[in-house]
Amino acid sequence: MARWHHIEEADDALFARATLYHTRSVEVPYPPEQTWAAITSEGVSSWTKGVRKVTWSPRPFGVGTTREVDMGGSFKLRERFFRWDDGYRKTFTGVEATVGIFRHLVEDYVVEPTERGSRLSWRWAAELNQPWSSFKRTLDRYKFGPTGRSHIDGLAGYMTANNR
């Protein structure tokens, strides 16, 4: 049985002070409703590098929704959404992980209409516990950065393959 390590809950303020921060956006040729459906599905794991499985709490989703992300191996992450504007925006804080790497973790998603479909904008911010914080550049370069890029950049291909 996995041992779970507490992550101190955080909010939007973390985006301004975090030692690790990523932002990315992608435009897809699908309406916002379809983009929202894709990013709130179990399919997230199929296009995100390093994510094996995503398990959501039961629908309907809203503030308080939880998600467990299996990153493969022995690393799992539990998240709680503190913002849920259905069809438009969702933001979570990390609450537990099977590896005690994160002190704080926040991730934000916004879906907006565009002339040709929609845009997904994403922000991720984290602060690491010791001794992990000593390796933050390496972890960011080889794990956090590539995982974030694949998470956002893989969306259009997933939606096309699944006729969303």
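Shown above is the structure to which this text applies.
Residues numbered from 1 in each chain as written. Predicted model: local features only at pLDDT ≥ 70, side-chain atom pairs only at ≥ 80, totals over all residues. Heavy atoms only, no water.

Participant: How would you explain the side chain of T91 if you had to name every residue and give the values?
Facilitator: In this structure, T91 sits in strand β6 (residues 89-97). Residue T91 is classed as buried on the basis of its relative accessible area, which comes to 0%. Not counting residues up to four positions away in its chain, the partners in contact with T91 are D12, R80, F81, F82, R83, V106, E107 and D108. (Helix = DSSP H or I, 4+ residues; strand = E, 2+ residues; numbered from the N terminus. Buried < 20%, exposed > 50% of the residue type's maximum accessible area, 1.4 Å probe, protein only. Contact = heavy atoms within 4.5 Å.)

Participant: Now, about the pairing of strand β4 (residues 66-70): what can you tell me, with residues and values included?
Facilitator: Looking at chain direction, strand β3 (residues 53-56) and β4 are connected through four bridges and run antiparallel. Bridge pairing links V54 to V69 in β4. Two elements, β4 and strand β5 (residues 76-85), share five bridges in a ladder whose sense is antiparallel. Across the sheet, residue R67 finds its bridge partner in β5, namely E79. If you look at the hairpin formed by β4 and β5, you'll find five residues sitting between the two strands, and G72 has a positive phi there, around 90°. (Pairing = 2+ DSSP bridges.)

Participant: Break down the pattern of salt bridges for me, with residues and values.
Facilitator: Applying the stated criterion to the full structure yields 14 salt bridges. For R17, the salt bridge goes to E127, with nearest N and O atoms at 3.8 Å. Of this pair, R17 sits in helix α1 (residues 14-17) while E127 sits in strand β8 (residues 117-128), and the two are 110 residues apart along the sequence. A relative accessible area of 11% means that E127 is categorised as buried. Residues joined in a network through salt bridges with shared partners are D12, R83, R89, D108 and R123. (Salt bridge = Lys/Arg side-chain N within 4 Å of Asp/Glu carboxyl O.)

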